[in-house]
Protein chains: 2
Amino acid sequence: MDEFDLIGRYFTRPPRHTALGVGDDAALIDTSPGFQTVVATDMLVEGVHFFADADPRGIGHKSLAVNLSDLAAMGALPRQALLGIALPAADADWLAAFSGGFAALAARHDVDWVGGDTTRGPLNLCVTVLGAVPRGAALLRSGARPGDEIWVSGAPGLAALGLAQMRGDCTLGGAARAAALKRLHTPEPRVGLGIALRGIASACIDVSDGLLADLGHVLRASGTAAGGSPLAAEVDWAPLAAALAAAGGPWPDDAALLRNAVLAGGDDYELLFTAPPPRHAAVAGLVAQTGVPLSCIGRVDHAVPDASAPPIHLIEGDRRTPVANLGYRHFG
Amino acid sequence: MDEFDLIGRYFTRPPRHTALGVGDDAALIDTSPGFQTVVATDMLVEGVHFFADADPRGIGHKSLAVNLSDLAAMGALPRQALLGIALPAADADWLAAFSGGFAALAARHDVDWVGGDTTRGPLNLCVTVLGAVPRGAALLRSGARPGDEIWVSGAPGLAALGLAQMRGDCTLGGAARAAALKRLHTPEPRVGLGIALRGIASACIDVSDGLLADLGHVLRASGTAAGGSPLAAEVDWAPLAAALAAAGGPWPDDAALLRNAVLAGGDDYELLFTAPPPRHAAVAGLVAQTGVPLSCIGRVDHAVPDASAPPIHLIEGDRRTPVANLGYRHFG
C-alpha cells in the first residue's frame, strides 16, 4: 500500500458542494460567480523532505515553494498562506532564519501569511495555500488528449543530482554543484508560467514525485476522465538531456545515475504539461514571456485497452524502450 | 518565549489583500461581494495533543473537531477540510478507524474533504478548514466592550478532568468519567451556536488554551482594537460550578484541582463570548434553539491604564481575588 492507494482507500470521499476535490494538485471551490478559490496543503518532515541540519532559511523557502508549485500547476494566482508548525524547541536564530525565508518568498509572490498553528513536537511544517483562478480556467491533470505534445519547464533531474551529491553518489564541479543544490534547497515555483498556460495547456502537474511518475498521474487522470484506461505516451530523451546540459554542468558520466535523476528524481517543482500541436508556437513563445526554459519532450498516445498502468515508452535515438512508472513512494 | 511571543515575533506580517490575518481564530478573505471565506489550520501531535495508544477513531474526530471549533468561534458555516498527515507506517486498521472518525464528523457538518498530503514521519495531523460567513458578520475576538456580559457554553473543565483521571490525579465515578473522557477525546464543535451568535455576540473565541487564558486573548484584542490597554474582567465562580454540576458528577472534592480544571484547563472547545446586557434574553433564548447549555459567567470592565496583562478578578461569594492569566503554553 503506497500513499496513492492509501489516499484512494481511506482519504477520498465524493464532494457535495466543491467543484473539484481530492486527486489533482489542489481543490477548486466556487466562491464567487467569476472566480474559484484554489486550495492545497503540503507537509514537510525533517529527515524525509529536508535534512536535520539544513539551512533554516532554505527550509522556510521550500515549505512555501512546494505549495506555491501546486497552485502554479493549477494556473492559479497565489493569495494567502497558513503555516502549521511543530517545533522541538523555540530556537530564536532558527525561527528568525526560517520565517525570513518563508516571508521573503511570500512577499515576492504577493502572498499574505494569514495564520496557522504553532505547537511542540518533532519538526514538521504543514503549509496551506489559497489562490484564485477564473472559473473554468484551472489547469487540471485530466485534460490531456491523444496527440497532445508533452512539455516540461527547466531541467528535470537537477534536484536529484543535488541529492546524489549530498549522499556522495556523485561528485559535481563547483558551478554544477551550486545549480543542483540551489534547485534542491530553494526551488522556484513556476507561478508565472502556470498563469500564462491558462487557455494553452490541456493538462498540467508539478514534478514532485518524478517526471515519469507525474506524467503517469496525468495519463491516468486523463484516460479516466475520458471514461477509459490510462493514456499512453512516448518521452524523448534528447530534449531532456539538452535541457540538463543547458542548465550547466558538466554532469556525471554515469548514464544510469543521470537517467534516474531526470526520469525518476522528484523535488524539481518544474511544470509538466500537455498542449495540442497547433499550440506549439504559443507554448514556445512563453519562453521569452516568462523567462522559463521549456522543452517539448514527447507525445500523448491513445489508451491501450485494459492497461492498468500508463504505458510509457522512452525514445533514445532509434531505440524505443518501455519504462516503468518510476517515482518516489512514501510507503510500500 | 511562549508560542504567542513566537507567533508575534516571527510569524506575523501585515496582510496586503486579506480582510483579517494572523491573531484571531481564523483568517477572513473577501472572495465574493456578499461572503467572506474563513480559513484556519490546527496541528495535532502524538504525545502532545493525544496519547500514542488513543483510539484512532477519536483522533480522527478530534483533529477535525478542533478545527471546526475555530470556524464556530468565527460564526462561520464549515464547507471544506484538508488533511496533512505524517504517518510512521501505513497501518490499515488504524487508517480505517482514523479516517472513519474524521469522515463521520465531516459528514455530520456537511463538510467536503477535498485534499491534503500524506507523508512518512512521526505521527502528525494538520487539518485546514474553510468556511463561509456573510461579509462583516464574523465574530471576532476584538469586539468586547466594557459592560458586556461574558458567557460560556457547556461545562468548562470537563476535558481537563478527563485528563486528570487518565493521569491518575483523580478518580471519577463511572458516569462522570464517561462524560469527562468523551469531552476530552471527542469534543463537539459548537458550530450551530457560533452561527446563531452572529449579530448577538460582540466577541467570541473557542476555549482551547483555558478559560482565563482565552478570555485574556479577548480582553487584550478588544482593548488593543479600541486603541488602549487590555480590558479588565470579573469572572463568577458560582455559574461555572453550576455548569459543571449540571454536566454530571460527582466531581472530586479537591477544590484546587477543580478550580484549575475549570479556569485553566484547555481542550474543552466550548465557545466563550461576550454580549451587551440588552442582548441577555436573546442569548438565553439560544439554549432552547441550539440545545447547548449557556452560562453568564461575568462582566467586561474598563481597561486599567498601562496594564500589560488583562486584569481578571474571580468572584467567589463575597471574595474578589485577582487571578493569573493561566493557560496551556507549548513553549517557555
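One numbering rule holds for all chains: residues counted from 1, following each sequence as written. The order in which chains are written sets their letters, starting at A; the order in which ligands are written sets their numbers, starting at 1. Per-residue local features are limited, in this predicted model, to residues with pLDDT of at least 70; the limit for side-chain atom pairs, both in listing and counting, is 80 or more; totals at the level of whole chains, interfaces and linings are taken over all residues. Side-chain figures throughout are based on the complete set of non-hydrogen atoms in the structure, without hydrogens or water.

1. A look at the packing of aromatic side chains
Residues and elements named next belong to chain A. Pairs were defined over the aromatic rings of Phe, Tyr and Trp, the Trp ring being its six-membered one, requiring ring centres within 6.5 Å. Orientation was assigned from the angle between planes: stacked under 30 degrees, edge-to-face over 60, tilted for the rest. Overall, the coordinates contain eight aromatic pairs over all chains when judged by the stated rule. Between Phe102 and Trp113, the ring centres sit 4.3 Å apart and the planes meet at 40 degrees, which makes this aromatic pair tilted. Note that Phe102 is positioned in helix H3 (residues 92–108) and Trp113 in strand S4 (residues 112–120), a separation of 11 residues in sequence. In terms of burial, Phe102 and Trp113 fall into one category: buried. For the ring pair Trp151 and Phe273, a centre distance of 6.3 Å and an interplane angle of 0 degrees mean the geometry is stacked. Residue Trp151 is located in strand S6 (residues 149–153), and its partner Phe273 is located in strand S9 (residues 271–275); the two are separated by 122 residues in the primary sequence. What counts as a helix is a DSSP run of H or I of at least four residues, what counts as a strand is a run of E of at least two, and both are numbered from the N terminus. Throughout, exposure labels follow a simple rule: accessible area from a 1.4 Å probe, protein chains only, divided by the maximum for the residue type, with under 20% read as buried, over 50% as exposed, and the rest as partly exposed.

2. Here we look at the relation of the copies chain A and chain B
Between the two chain copies there is a screw-like relation: a rotation about an axis and a shift along it. Superposing the copies works by least squares over the C-alpha atoms of residues that have pLDDT at least 70 in both of them. Rotating chain A by 180 degrees about the axis while translating it 0.0 Å along that axis superimposes it on chain B, leaving an RMSD of 0.0 Å. Seen this way, the second copy is the image of the first under a two-fold rotation axis. No C-alpha of chain A lies nearer the rotation axis than that of Ser32 of chain A, which sits 2.5 Å from it. Of the interface residues in chain A, 100% have counterparts in chain B that sit at the interface too, so the contact is made through matching surfaces. We call two residues in contact when some of their heavy atoms are within 4.5 Å.

3. Some words on the pairing of strand S11 (residues 312–316) of chain A
Residues and elements named next belong to chain A. Burial of S11 is extensive: five of the five residues sit out of reach of the surface. The two faces of S11 match: Ile312, Leu314 and Glu316 on one face and His313 and Ile315 on the other face are all buried. Strand pairing follows a simple DSSP-based rule, namely that at least 2 bridges must link the two strands. Relative to S11, strand S8 (residues 232–236) runs parallel, the two being bridged by four bridges. Bridge assignment links Asp236 to a residue of S11, and that residue is Ile315.

4. Describing the sheet that holds strand S9 (residues 271–275) of chain B
All names here are of chain B. Spatial strand order, S7-S9-S6-S10-S8-S11-S12: seven strands in an open sheet with mixed pairing. Two strands close off the open sheet at either side, each with one partner strand: strand S7 (203–206) and strand S12 (319–323). Ignoring strand direction, the axes of neighbouring strands in this sheet form an average angle of 25 degrees. Strand direction decides the pairing type here: S7 and S9, joined by four bridges, are antiparallel. Of the residues in S9, the one forming a bridge with Ala203 is Thr274. Strand contacts of helix H2 (residues 56–74): S7 and S9, with the helix running at about 175 degrees to S7, the strand carrying the most contacts. Every angle, taken between N-to-C directions, lies between 0 and 180 degrees, and every axis is a line fitted to C-alpha atoms, over only the stretch in contact when it is a helix.

5. A short note on the domain arrangement of chain A
Residues and elements named next belong to chain A. Split into domains, chain A comes out as domain 1 (3–134) and domain 2 (141–323). Where each domain begins and ends is defined by an automated method or by a domain database. Spacing between the C-alpha centres of domain 1 and domain 2 amounts to 23 Å. Counting residues at the interface gives 25 residues for domain 1, matched by 22 residues for domain 2. Between domain 1 and domain 2 the total buried area reaches about 1,900 Å² when both faces are included, carbon and sulfur atoms providing 58% of it. Summed over both partners, the accessible area (1.4 Å probe) lost when two parts come together is defined as the buried area. Contact with domain 2 buries surface across domain 1, with Phe51, Lys62 and Ala72 losing the most and accounting together for 24% of the total. Note on definitions: salt bridges are taken to be side-chain nitrogens of Lys or Arg within 4 Å of carboxyl oxygens of Asp or Glu. Taken together, the links from domain 1 to domain 2 amount to four salt bridges. One salt bridge in this structure joins Asp267 and Lys62, with 2.9 Å as the shortest N-O distance. At the level of elements, helix H2 (56–74), strand S3 (77–87), H3 and strand S5 (124–134) are the ones that each hand at least two residues to the side of domain 1 that touches domain 2. It is H2 that provides the largest number of residues to the side of domain 1 that touches domain 2, a total of 10 residues. Classes in brief: Ala, Val, Leu, Ile, Met, Phe, Trp, Tyr, Cys and Pro nonpolar; Asp, Glu, Lys and Arg charged; the others, Gly included, polar. Partitioned by chemical class, the residues of the side of domain 1 that touches domain 2 number 14 nonpolar, six polar and five charged.

6. Here's the deal with the state of the cysteines
All names here are of chain B. The rule for a disulfide is simple: a pair of cysteine sulfur atoms within 2.5 Å. The tally for this structure, following the rule as stated, stands at zero disulfides over all chains. Looking at Cys296, it has no disulfide partner, and the nearest cysteine sulfur is the one in Cys204, 15 Å off. The class of Cys296 is partly exposed, set by a relative accessible area of 24%.

7. A few points about unusual backbone geometry
With glycine set apart, most residues show a phi of negative sign, and most peptide bonds adopt trans. All names here are of chain A. Residue Pro250 is reached from Gly249 by a cis peptide bond, and omega for that bond is 0 degrees. Despite not being glycine, Asp267 has its phi angle at roughly 75 degrees, a positive value. Looking at the element boundaries, Asp267 is found in the loop between helix H9 (255–264) and S9. One non-glycine residue with positive phi stands out, namely Tyr269, at about 55 degrees. As for its placement among the helices and strands, Tyr269 is situated in the loop between H9 and S9.

8. With respect to the sheet that holds strand S12 (residues 319–323) of chain A
Residues and elements named next belong to chain A. Across the sheet, seven strands lie side by side as S7-S9-S6-S10-S8-S11-S12; this open sheet has mixed pairing. Strands with a single pairing partner mark the edges of an open sheet, and in this sheet they are strand S7 (203–206) and S12. Between one strand and the next, the sheet's axes are offset by a mean angle of 25 degrees, whatever the strand orientation. In terms of strand pairing, S6 meets S9 through four bridges, oriented antiparallel. In the strand pairing of S9, Trp151 is matched with Phe273.

9. So, the interface of chain A and chain B
In this assembly, 62 residues from chain A lie in contact with 63 residues from chain B. The partner of Arg16 of chain B in a salt bridge is Asp110 of chain A, with the nearest N and O atoms 2.6 Å apart. The term polar contact refers here to a pair of N or O atoms within 3.5 Å; inside protein, the definition further demands a hydrogen-donor-capable atom paired with an acceptor-capable atom, and it admits residues adjacent in sequence only when both atoms are side-chain atoms. At the junction of chain A with chain B, the criterion picks out 21 residue pairs in polar contact (both at pLDDT 80 or more). A class-by-class count of the residues in the side of chain A that touches chain B yields 32 nonpolar, 21 polar and nine charged.

10. Let's talk about the environment of Gly291 of chain A
All names here are of chain A. With respect to the secondary-structure elements, Gly291 resides in the loop between helix H10 (280–290) and strand S10 (294–301). Judged by relative accessible area, which is 59%, Gly291 ranks as exposed. A C-alpha to C-alpha distance of 37 Å links Gly291 and Asp2, two positions 289 residues apart in sequence.

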